[in-house]
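Coordinate analysis (summary)
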Amino acid sequence: MCGIVGYTGFRQATEVLLTGLYNLEYRGYDSAGVSVFEDGVIQTVKTQGRIQKLADKLAAAPLHGNCGIAHTRWATHGVPSDVNAHPHCSEHVALLHNGIIENYLEIKEELLAKGYQFVSQTDTEVAAHLISSLYTGDPLEAIAKALERIEGSYAFAMVFQDHPNRVYGARKDSPLIAAVGQGENFILSDISATLKYTKDFYVLDDGDIVEISPETIRIFNHQLQPVSHPLNTAHWNVEQAQKGGYDHFMLKEIFEQPEAFVKTVARHILPDGLPSFVRDNIPEDLFQGCRRIQIVACGTAMYAGMVGKNLIERFARIPVSVDVASEYRYNNPIIDKGDLVIAISQSGETADTLAALRLAKQQGAKTLGIVNVFGSTIARESDHVIYTLAGPEIAVASTKALTVQMAMLYLLALCLGMENGQLDRERCRTLTAQLLDCQNHIQQALSLAEPISAIVPGIIDRESLFFIGRGLDYALALEGSLKLKELSYLHSEAYAAGELKHGPISLITDGMPVIALGTQQSVLPKTVSNMKEVKARGAKTLLICKKSAKVDTDAYDFRIDLPDCPDEFTPFAAIVAMQLLAYYKAVQSGCDVDKPRNLAKSVTVE
Ligand code: M6R
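Residues numbered from 1 in each chain as written. Predicted model: local features only at pLDDT ≥ 70, side-chain atom pairs only at ≥ 80, totals over all residues. Heavy atoms only, no water.

As for the nonpolar core
Within the largest apolar cluster, 130 residues are counted, with the highest numbers of intra-cluster contacts made by Ile293, Leu412 and Ile544. Looking at this core element by element, the count peaks at 13 residues for helix 17 (residues 571-588). If sequence neighbours within four positions are ignored, isoleucine 544 has contacts with Ile515, Ala516, Leu517, Gly518, Thr519, Ile560, Leu562, Ala577, Met578 and Leu581. In this structure, Phe118, Ile143, Ala146 and Phe160 belong to the second largest nonpolar core, which totals 29 residues. (Core = buried A, V, L, I, M, F, W, Y, C linked by side-chain atoms within 4.5 Å. Buried < 20%, exposed > 50% of the residue type's maximum accessible area, 1.4 Å probe, protein only. Helix = DSSP H or I, 4+ residues; strand = E, 2+ residues; numbered from the N terminus. Contact = heavy atoms within 4.5 Å.)

What follows is the structure, encoded as structure tokens:
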């Protein structure tokens, strides 16, 4: 949600800033802007629209200088427009922001009374004027004073007119890092912005203020006492963050799933064939005596949680609840000291998931993060963290991150099952081997790309459609539906197949598409009955099931055959099929696959 780049060094700042913005464009893409010191004066260029539009503006009227800040925006306050784009400028400072300033109205009134004039509808402009009003020559002091007043979440990057060659930053509840170069330094939302220049970075803590010059990075707490943080090195490389010959990041990431899966799973299998989290330094007692588990997450990560619930209850017989993080935090959840609360997040920065995690910690639960981005806030704030090894996921629609989250939850379910005596070692070993074998199912599902692309025009040809499934298939139906709607802007609903008769079936009209997940042999006959019920009312159906499933051909118009495997291991292939359906529908409809409208990859505001 909004991407931030700050640079000071020896290169042309606009080149570095634009490179960084393109790499962060997945965080938000409704407007963009830069402020650069040119001949010692801050010059600002901004525009509504994509970064390319900003690049075109800068190509027409280049800015020359070696220090500046840049922003790609996902609008919260004020429509996407030139004037609402960041940076916002005041007398002494140009400032950009990721987050929400909650008390901006109150501060604005005070500043208006002092004669400050506002040109935008944003909360951010308030911060620019506030800091300017408090400035008496020392940027750090002005920032620290302003932060005492500001409530809400923020990652700020700033340049001060009197301090060319320096960029300042501050954070609370929104991610910000300081990346380290040779004779150049950066302030960034995340390291993917500058992998081309450096992989080394410091993660700022809430309350930190940072000042960078070409040679130095100084970090202070909010009382302006110096603080030091460990230096991290990103394990991702530039190629991973590029399209590598694919038309879209999403397609590349779909095809990266076998590799991501094997990396993630293999790391957690010991030479004796049993699953283990010792390599993540997870203490054994985390799983011992675990009586209740709560999973909190948002969007796709929440659907991974639903799969996890099914598996943990199946293999370990431990009750699991799964909550949308934004609901959990406001629903006064019952959290017992011994509970294990698992926060699942690709980005590790999702505001609601982070807030749910903090609540659980406060109330004495043990917390475990399942996170993809190294050093992210959820990773750092969880008592324990297990990293999924998907590599950078750039497309806004989550694909490979889900696969590795599910893989991790399988491993967790098996460990818990072994720990509490539900699974003996031999059974656990067999299940672990079957899990590893899912890499082949994923590969086989990928080979269906062309046939799936060919099916799409026949089945997804209405503005509105249903996904249905039972058990594990229900969680996947929810995810398939989300993927389709976020990418293609179609109205799509997912239902537990048995629920259709309780209301939604009234929406079935002639030709309405219904996509049925039927990978669970144990409940397939029931799902097939539901398909026949909708067909009898005019629906057109697609069945996604195992190759060997024997289903009356009257029940479906189209069928996608997935590799045969035990019921509990079908989600990996099934999810690939649904990702491909959503991908090809979006491509065929001419939608912006990697950057769907109104969305952002990392949702760092509530
Ligand atoms: O980074 P997170 O996994 O915490 O993100 C959670 C959701 O915002 C994310 O999965 C979202 O639903 C995606 N757009 C789904 O494709």
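Structural notes on the packing of helix 1 (residues 13-24) against helix 2 (residues 51-60)
Running from amino to carboxyl end, helix 1 crosses helix 2 at an angle of 165 degrees, the nearest separation of the two axes being 10 Å. Viewed along their axes, helix 1 and helix 2 adopt a mutual orientation that is roughly antiparallel. When the axes of helix 1 and helix 2 are compared, the crossing they make is left-handed. Two secondary-structure elements touch here, helix 1 through Thr14, Leu18, Leu21 and Tyr22 and helix 2 through Ile51, Gln52, Leu54, Ala55 and Leu58. For the contact of helix 1 with helix 2, the residue count by class is seven nonpolar, two polar and no charged. (Axes fitted to C-alpha atoms, helices over the stretch in contact; angles between N-to-C directions. Parallel < 35°, antiparallel > 145°, perpendicular 65-115°, else oblique. Left-handed = near helix turned anticlockwise from the far one by under 90°. Nonpolar A, V, L, I, M, F, W, Y, C, P; charged D, E, K, R; others polar.)

Digging into the pattern of salt bridges
If you walk through the whole model with that rule in mind, you get 34 salt bridges. Close ionic contact of arginine 166 with glutamate 211 constitutes a salt bridge, the shortest N to O distance being 3.3 Å. With arginine 166 in the loop between strand 7 (152-160) and strand 8 (167-172) and glutamate 211 in strand 12 (residues 209-212), this residue pair connects regions lying 45 residues apart in the sequence. The network of salt bridges with common partners includes Arg171, Lys172, Asp173, Asp206, Arg358 and Glu381. (Salt bridge = Lys/Arg side-chain N within 4 Å of Asp/Glu carboxyl O.)

Thoughts on helix 15 (residues 472-488)
With 17 residues, helix 15 extends 24 Å from end C-alpha to end C-alpha; this agrees with the ideal 24 Å at 1.5 Å per step. Count one or two residues on from helix 15 and you reach tyrosine 489, which has phi positive near 60 degrees. (Expected span 1.5 Å × (residues − 1).)

Structural notes on the side chain of serine 345
Structurally, serine 345 can be placed in strand 17 (residues 340-345). Only 2.8 Å separates the side chain of serine 345 from the backbone nitrogen of glycine 348, close enough to count as a polar contact. Not counting the four nearest positions on each side in its chain, serine 345 is found in contact with Ala301, Thr350, Ile370, Val371, Asn372, Ile378 and Gln405. (Polar contact = N/O pair within 3.5 Å; in protein donor to acceptor, adjacent residues only side chain to side chain.)

Overview of the domain arrangement of the protein
Under the domain assignment, the protein is made up of domain 1 (3-234), domain 2 (242-436) and domain 3 (447-588). For domain 1 versus domain 2, the separation of C-alpha centres amounts to 33 Å. Contact residues are listed per partner, giving eleven residues for domain 1 and eight residues for domain 2. Across the interface of domain 1 and domain 2, roughly 810 Å² is buried in total on both sides, 55% from carbon and sulfur atoms. Counting every contact that joins domain 1 to domain 2 gives three salt bridges. Aspartate 206 serves as the salt-bridge partner of arginine 358, at 3.3 Å between the closest nitrogen and oxygen. Summed over the shared surface of domain 1 and domain 2, the number is four residue pairs in polar contact (both at pLDDT 80 or more). Residue composition of the side of domain 1 that touches domain 2, by class: six nonpolar, one polar and four charged. (Domains from an automatic or database assignment. Buried area = accessible area lost by both parts, 1.4 Å probe.)

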